[in-house]
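Understanding the architecture of this molecule
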Amino acid sequence: SKEKKALYIIFGATGDLASRKLYPALYRLYSKGYLKDHFAVIGTARREWSDEHYQNVVKKAIDDIKESDKDAEDFSSHFRYQSHNVKDSEHYHTLKELADSLDSEYAIEGNRLFYLSMSPTFFGTITTHLRDQELVTQNGFNRVIIEKPFGTDLESSKELNDEINASFDEDQLYRIDHYLGKEMVQTILALRFSNRIIQDSWTSENLSSIQITLAENLGVEERGEYYDKSGALRDMVQNHVLQIVSLLTMDEPESFSTENVRKEKLALLESLKQPNVKDEFVRGQYQASEDGDCKAYRDEEKVDPDSLTETFVAGKVVIDSDKWRNVPIYIRTGKRMKEKTSRIDVLWKKTDQQLFDESDSLLTIHISPKEGLELQLNDKEIGPGMHLRPVTLSSMRSEETIRKSPEAYEKLLLDVLNGDETHFAHWGEVAASWKYVDHIRQAWNEDLESIPFYPAHSMGPKESDELLAKDGQKWLYNP
Ligand code: NAD
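So, a few notes on the structure that sits alongside this text. (Residues numbered from 1 in each chain as written. Predicted model: local features only at pLDDT ≥ 70, side-chain atom pairs only at ≥ 80, totals over all residues. Heavy atoms only, no water.)

Quick notes on the site of the ligand
Near the ligand there are 19 residues, and of these T14, D16, R20, M118 and K148 occur at the shortest range. In the model, a nitrogen atom of the ligand is placed 3.4 Å from a nitrogen or oxygen of the R46 side chain. Protein contact buries 79% of the 830 Å² of open area that the ligand shows by itself. In terms of residue class, the shell around the ligand is built from eight nonpolar, six polar and five charged. (Near = heavy atom within 4 Å. Polar contact = N/O pair within 3.5 Å; in protein donor to acceptor, adjacent residues only side chain to side chain. Areas by Shrake-Rupley, 256 points an atom, 1.4 Å probe, with all protein chains shown as cover. Nonpolar A, V, L, I, M, F, W, Y, C, P; charged D, E, K, R; others polar.)

Given below as structure tokens:
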């Protein structure tokens, strides 16, 4: 049977992420039979909640997707709540007793998954206590799932990693980068290495540029306090953007084993050229929208009214290898942009022929909310003469297909259950990414008098367009 035995202990069970992502993902695994009779969840957080209240919160979180009331009832009956202060050793004893009793009640045989859905400042404290207060079992697997952000720079992430490693080995750690769970991000390697037409032309002789856009429509919402200290570079570039860069440019792995994929991703991330920040990176911060519908970043709740934090980053990533040195990878991410879109555009060079005035050959990988592939090529205009018209071969997934396909958290949580670490960020990758990002951050910190602004609901400051114009390029996605 595909059923896996598992006891989850979720730290931060009253939080936004738990309700929005984790409970729905666990429910989907339950409805598909991966979780069944031998499964229980202990939710912990500071608040005093009863089991009944907690189960109601869980039911509410799956209200839109439940198959029936009875099904939701059965699912939520596996949940217990334990109020808990992560800094208090005594509380871990209580937690251990509850965990042991649920382990025998549901015959789970020692498999434990510790989900740290809390501020990273607590990760070290929690993992140390889990080991010292013996919540770690001897008879089953023990896996720790960690949310972002993993540190705020290389040094702090190293400290955090050492602290966690004192209690858990690297192969017990699952650092979530939810982009790695997205269908269209996982498609990248399939597309690159299963199609000769793509594989053979995915080289610096043929490619003109690769462009990655991760654009959000929303502002900082309730996360002002965190975001104002973080900014877009740390919040998005260090993890999601650089992970996507590595998938787009890594060498072909020997196999899809975790080890082989990691090896190639790591080699790629370690070969990123330190950018000349002044010329190659641009930051920006959103101002109020022109129609006055949204306020400026500085007027958001819990944001410093003089803040110089960037809500937008654009940059030119260069890979220091013969294979890639001549292909610029333009990246861009920001809040309060014109549209919510994650996509990759790959542009080929023009042919050497003199016969035609051709349009660009262009591949677009739509990551979200649209999912699918579009390939733009030149076709001949119908009728006399040899005139061209650009056509787009398109394979877009329908809304229904998207709705039915597993969501990133569901896929990643299933991977954790199966002990498959391929789609998680390995420590080496995290460290290489921080090193790259720290260099940019330091250059910006030395020049902290001002920041370019952009109106909310635009595609960023003009400096972002100028960055590409210098190279004779332009953003291919320009809504
Ligand atoms: P949240 O602020 O909504 O929830 C935090 C949780 O931690 C709450 O349950 C709170 O009770 C608990 N907590 C705080 N201090 C505690 C203490 N001393 N003892 C016990 N419990 C304590 O946060 P969230 O949005 O759910 O995010 C959780 C984690 O996931 C964070 O690391 C965040 O960076 C990350 N994350 C969140 C999102 C998101 O969309 N919300 C996305 C990506 C990553």
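Right, picking up where we left off after that structure.
Re the pattern of salt bridges
Taken as a whole and assessed by the stated rule, the structure comprises 31 salt bridges. The closest approach of N and O atoms between K350 and D360, which form a salt bridge, is 3.0 Å. Note that K350 is positioned in the loop between β11 (341–348) and β12 (362–368) and D360 in the loop between β11 and β12, a separation of 10 residues in sequence. Taking relative accessible area as the criterion, D360 reaches 22% and is therefore assigned partly exposed. Several salt bridges converge on common partners, so that one network encompasses D63, K66 and D69. (Salt bridge = Lys/Arg side-chain N within 4 Å of Asp/Glu carboxyl O. Helix = DSSP H or I, 4+ residues; strand = E, 2+ residues; numbered from the N terminus. Buried < 20%, exposed > 50% of the residue type's maximum accessible area, 1.4 Å probe, protein only.)

Topic: the sheet that holds strand β14 (residues 388–396)
One open sheet holds the nine strands; their spatial order is β14-β13-β12-β11-β7-β10-β9-β8-β15, and the pairing between them is mixed. At either end of the open sheet lies a strand with only one pairing partner, and these are β14 and β15 (453–455). Within this sheet the neighbouring strands show an average axis-to-axis angle of 20 degrees, counted without direction. Seen against the sheet, helix α7 (residues 183–194) touches β11, β12 and β13 (372–380) and runs at an angle of roughly 145 degrees to β12. Sheet contacts for helix α14 (residues 427–445): β8 (281–287) and β9 (312–317); angle to β8, the most-contacted strand, approximately 65 degrees. (Pairing = 2+ DSSP bridges. Axes fitted to C-alpha atoms, helices over the stretch in contact; angles between N-to-C directions. Contact = heavy atoms within 4.5 Å.)

A few points about the nonpolar core
Ranked by size, the top nonpolar core spans 99 residues in total, and within it F11, I244 and I344 carry the most contacts. It is helix α9 (residues 224–249) that contributes the most residues to this core, 11 residues altogether. If sequence neighbours within four positions are ignored, I344 has contacts with I188, I210, Q211, I212, I244, L248, L363, T364, I365 and I367. With 39 residues, the next largest nonpolar core counts Y8, A25, Y30 and Y115 among its residues. (Core = buried A, V, L, I, M, F, W, Y, C linked by side-chain atoms within 4.5 Å.)

Here we look at a negative patch on the surface
Taken together, the side chains of E155, E159, D162 and E163 define an acidic patch exposed on the protein surface. Take E155: its relative accessible area is 59%, and that puts it in the exposed class. (Patch = residues over 30% accessible without salt bridge, like charges linked within 9 Å, V, L, I, M, F, W, Y side chains within 5 Å. Lys, Arg positive; Asp, Glu negative; His and termini not counted. Charge placed at Lys NZ, Arg CZ, Asp CG, Glu CD.)

Thoughts on the environment of D100
Mapped onto the secondary structure, D100 falls in helix α4 (residues 89–105). Between the C-alpha atoms of D100 and T137, which are 37 residues apart in sequence, the distance is 9.3 Å.

Considerations on the environment of E252
When you line up the elements, E252 lands in the loop between α9 and α10 (258–270). Since its relative accessible area comes to 46%, E252 is described here as partly exposed. In this structure, the C-alpha to C-alpha distance between E252 and V391, residues 139 residues apart in sequence, is 30 Å. Sequence-distant contacts of E252, defined by excluding residues within four places in its chain, comprise F193, Q199 and E264. Here the side chain of E252 touches Q199 through a polar contact of 3.0 Å, side chain to side chain.

As for the packing of aromatic side chains
Scanning the model with the defined rule gives 23 aromatic pairs in all. A centroid spacing of 6.3 Å and a plane angle of 75 degrees characterise the contact between W202 and W348, whose relative ring orientation is edge-to-face. Of this pair, W202 sits in the loop between α8 (196–199) and β7 (207–215) while W348 sits in strand β11, placing them 146 residues apart in sequence. There is no split in this pair, since W202 and W348 are both buried. One Lys or Arg, R175, reaches over the ring of F150 and ends 4.8 Å from the middle of that ring. Its end group placed over the ring of Y179, K182 keeps NZ or CZ at 5.0 Å from the ring centre. (Phe/Tyr/Trp six-rings, centres within 6.5 Å; stacked < 30°, edge-to-face > 60°. Lys NZ or Arg CZ within 6 Å of the ring centre and 35° of its normal.)

What about α9?
Largest kink in α9: about 95 degrees, centred on G231. Burial of α9 is extensive: 23 of the 26 residues sit out of reach of the surface. (Bend = angle between axes of the 7 residues up to and from the residue.)

With respect to α7
In an α-helix, one turn spans 3.6 residues, which is why side chains three or four residues apart end up on the same side. Relative to the 16 Å expected for 12 residues at 1.5 Å per residue, α7 spans 16 Å between its end C-alpha atoms, a close match to the ideal helical length. On the buried face of α7, the contacting elements are α8, α9, β11, β12 and β13. (Expected span 1.5 Å × (residues − 1).)

Points about the pairing of strand β4 (residues 112–116)
Successive side chains on a regular strand alternate, one facing one side of the sheet and the next facing the other. For β4, a buried count of five out of five residues is recorded, marking the element as mostly surrounded by other parts of the structure. What you see with β4 is no split at all: R112, F114 and L116 on one side and L113 and Y115 on the other are buried throughout. Bridge analysis of strand β1 (residues 6–11) against β4 gives five bridges, and the strand direction is parallel. When the bridges of β4 are listed, Y8 appears paired with L113. Of the strand pairs in this sheet, β4 and strand β5 (residues 142–146) are connected by five bridges, and their pairing is parallel. Bridged to Y115 within β5 is I145. In the classification by handedness, the crossover that spans β4, the intervening helix α5 (residues 123–132) and the parallel β5 is right-handed. (Right-handed = clockwise from strand over helix to strand, strands pointing away.)

Considerations on the sheet that holds β5
What the six strands build is an open sheet, ordered β3-β2-β1-β4-β5-β6; its pairing is parallel. Unpaired on one side and paired on the other, β3 (79–83) and β6 (173–175) mark the two borders of the sheet. Mean inter-strand twist for the sheet, computed between neighbouring axes without regard to direction, equals 20 degrees. Summarising the sheet, β5 and β6 pair through three bridges and their orientation is parallel.

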